[in-house]
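# Structure at a glance
Spelled out, the chains give:
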Amino acid sequence: MSIISDDNDFQTQSTHKKNPVVKPEAIEFDKNFENSIRPKSFDTYIGQSALKDTLKITIEAAKRREKPLDHLLFYGPPGLGKTTLAGVIAQEMGVEIKITSAPALERPRDIIGILMSLQGGEILFIDEIHRLNKVAEEILYPAMEDFYLDMTTGKSQTVKTLRVPLPKFTLIGATTKAGELSGPLRDRFGIIHRLEFYTDKELSQVIKRTAGILEIEIDEKGALAIARRSRGTPRIANRLIKRVSDYALVKHDGKITEQIANESLDILKIDEFGLDTTDRSLLKLIIEKYDGGPVGIETIAAAIGEDARTIEDVCEPFLLQAGLLQRTPRGRKVSPETYRHLGYKTKNANSAQQSLF
Ligand code: ADE
């Protein structure tokens, strides 16, 4: 049986220790750090207020009916707190959560094993659910709908189907690409929500909370300066605070002020929009080589030496939301705002006033 991968504190303590572990693909940066600062309740979870309000009602209703929650699907750009929110829901429901991701559920026995390990009421969280293969999806359908598994035994003529009941559980799926989910899978989620980018004010609250946990001294303006360059994303804000704190400690007295945050982020080449060198080379390429676009994503990826998927999943959501990039049927285009932001005078390939590199 294969279960779950990283040592997330939301996971059940006992089961997966005894089981062989399937590592999902590259576990992003320092999971232990991320876990240590994850909020565990709605009170400490900042932002996504409309979603939180809906979830509180759903949770209260499920508790009163003494029934598990409907299956939930969260979608939106990476780093906005989908896993964190799933953990908060489990905590608020008073149930355990098992966390895995679709790439770790490659073989039928992976998904069967994890489903059979669930206890009544538990939450199963599947990250990157759009990457689930067809076989795993089909195993999941009756499990989600009627809480059973159809297992086959024997070979050819002697094959028998065994219907195995499962405890009632809640599936929480998370995806950065809701459009890539198959229709039948999407339809089996009772609740579907999009997570929004955070405002600077919300991010500055996240930063102050994290600073408190990590015992980092920071003032209001310092927190806001980091927030402004965090692309509306708590995961980025929490990453930057560590980098800025290192700088504050080595170059100053350890306290993060506006000036120190700005100095440090300038050195990291993160500009006042939160764009990094990859974002800027992407936009600059479209301006300088393709006269503002449109140009295909594969061409962009090859030219800047980045993976097309990384560009689509990681760079683009914020650039689109910030109005610095547009997706058209003929490819990616930049906007007049992009020219202004990068210091170009007009929509003319040769009119660069200054380079931000
Ligand atoms: N850390 C990451 N996401 C957070 C959130 N939404 N609220 C508080 N702290 C966080």
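Up top you'll find the structure we're talking about.
Residues numbered from 1 in each chain as written. Predicted model: local features only at pLDDT ≥ 70, side-chain atom pairs only at ≥ 80, totals over all residues. Heavy atoms only, no water.

Turning to the overall build of the protein, a few remarks are in order. Looking only at helices and strands, the protein features 15 helices and 9 strands. Per-residue burial for the protein yields a buried fraction of 50% across its 357 residues. Sequence separation of 24 or more characterises 69% of the internal contacts of the protein that already satisfy a separation of 6 or more. When the accessible surface of the protein is split by element, carbon and sulfur atoms take 49% of a total near 17,400 Å². (Helix = DSSP H or I, 4+ residues; strand = E, 2+ residues; numbered from the N terminus. Buried < 20%, exposed > 50% of the residue type's maximum accessible area, 1.4 Å probe, protein only. Contact = heavy atoms within 4.5 Å. Areas by Shrake-Rupley, 256 points an atom, 1.4 Å probe, with all protein chains shown as cover.)

Okay, the site of the ligand next. Pro39, Thr44, Tyr45, Ile46, Tyr198, Val206, Arg209, Pro234 and Asn238 make up every residue found near the ligand. Contact distances for the ligand include 2.8 Å between a nitrogen atom and a backbone N or O atom of isoleucine 46. Starting from 260 Å² of accessible surface for the ligand in isolation, the protein chains cover 94%. Across the shell around the ligand, the residue classes break down as 6 nonpolar, 2 polar and 1 charged. (Near = heavy atom within 4 Å. Polar contact = N/O pair within 3.5 Å; in protein donor to acceptor, adjacent residues only side chain to side chain. Nonpolar A, V, L, I, M, F, W, Y, C, P; charged D, E, K, R; others polar.)

Now for the pairing of strand β4 (residues 148-153). Bridge analysis of β4 against strand β5 (residues 160-165) gives 6 bridges, and the strand direction is antiparallel. From the neighbouring strand, methionine 151 faces β5, where its bridge partner is leucine 162. Connecting β4 to the antiparallel partner β5 that follows it, the hairpin turn spans 6 residues, and glycine 154 within it adopts a positive phi of roughly 80 degrees. (Pairing = 2+ DSSP bridges.)

Between helix α5 (residues 108-116) and helix α6 (residues 134-146), the shortest axis-to-axis distance is 8 Å and the interhelical angle comes to 25 degrees. When the axis of α5 is compared with that of α6, the two are roughly parallel. Relative to α6, α5 is oriented so that their crossing is right-handed. Contacts from Pro108, Ile111, Ile112 and Leu115 in α5 reach Val135, Ala136, Ile139, Leu140 and Ala143 in α6. In terms of residue class, the contact of α5 with α6 is built from 9 nonpolar, no polar and no charged. (Axes fitted to C-alpha atoms, helices over the stretch in contact; angles between N-to-C directions. Parallel < 35°, antiparallel > 145°, perpendicular 65-115°, else oblique. Left-handed = near helix turned anticlockwise from the far one by under 90°.)

With that out of the way, let us pick up helix α11 (residues 258-267). Along α11, the residues classified as buried are Ile260, Ala261, Ser264 and Leu265. Viewed along the axis of α11, the buried residues span an arc of 125 degrees, placing them on a single side of the element. Of the exposed residues in α11, the ones pointing more than 90 degrees away from its buried face are Gln259 and Ile267. Buried residues along α11 sit against α9 (220-228) and α10 (234-251). (Arc of directions from axis to C-beta.)

Another aspect to go through is the pattern of salt bridges. Opposite charge on two side chains permits pairing when their charged atoms draw close. Here the structure, examined in full by the defined rule, presents 21 salt bridges. For lysine 134, the salt bridge identified is with glutamate 137, shortest N-O distance 3.3 Å. Linking lysine 134 with glutamate 137, this pair stays in helix α6, spanning 3 residues, or about one helical turn. Judged by its relative accessible area of 49%, lysine 134 is partly exposed. Given a relative accessible area of 6%, glutamate 137 falls into the buried group. Of the charged contacts, one joins glutamate 316 and arginine 332 as a salt bridge, the two residues approaching to 2.8 Å between their closest N and O atoms. A residue pair is termed long-range when its members are at least 10 positions apart, and glutamate 316 in helix α14 (residues 308-321) and arginine 332 in strand β9 (residues 331-334) qualify at 16 residues. The residues glutamate 316 and arginine 332 share a single accessibility class, namely buried. Through salt bridges with shared partners, one network takes in Lys177, Glu180, Glu312, Asp313, Glu316, Arg327 and Arg332. (Salt bridge = Lys/Arg side-chain N within 4 Å of Asp/Glu carboxyl O.)

Moving on, we come to the nonpolar core. Ranked by size, the top nonpolar core spans 67 residues in total, and within it Phe74, Ile89, Ile226, Ile256 and Leu283 carry the most contacts. Excluding residues within four positions of it along the chain, isoleucine 226 makes contact with Ile207, Ile218, Ala237, Leu240, Ile241, Val244, Ile256, Ala261 and Leu265. With 27 residues, the next largest nonpolar core counts Ala102, Ala136, Leu166 and Phe169 among its residues. (Core = buried A, V, L, I, M, F, W, Y, C linked by side-chain atoms within 4.5 Å.)

Quick look at the packing of α9 against α11 now. Viewed as axis vectors pointing N to C, α9 and α11 meet at an angle of 30 degrees, and their least axial separation amounts to 7 Å. With respect to α11, the axis of α9 lies roughly parallel. On the side of α9, the interface is formed by Lys221, Gly222, Ala225, Ile226 and Arg228, while α11 contributes Glu258, Ala261, Asn262 and Leu265. Here the contact of α9 with α11 is built from residues that sort into 4 nonpolar, 2 polar and 3 charged.

On to the environment of methionine 151, then. Mapped onto the elements, methionine 151 comes out in strand β4. Considered as a pair, methionine 151 and valine 164 are 13 residues apart in the sequence and their alpha carbons are 7.2 Å apart. In this structure, methionine 151 is in contact with Ile112, Met116, Lys160, Thr161, Leu162 and Val164, ignoring residues within four places of it in sequence.

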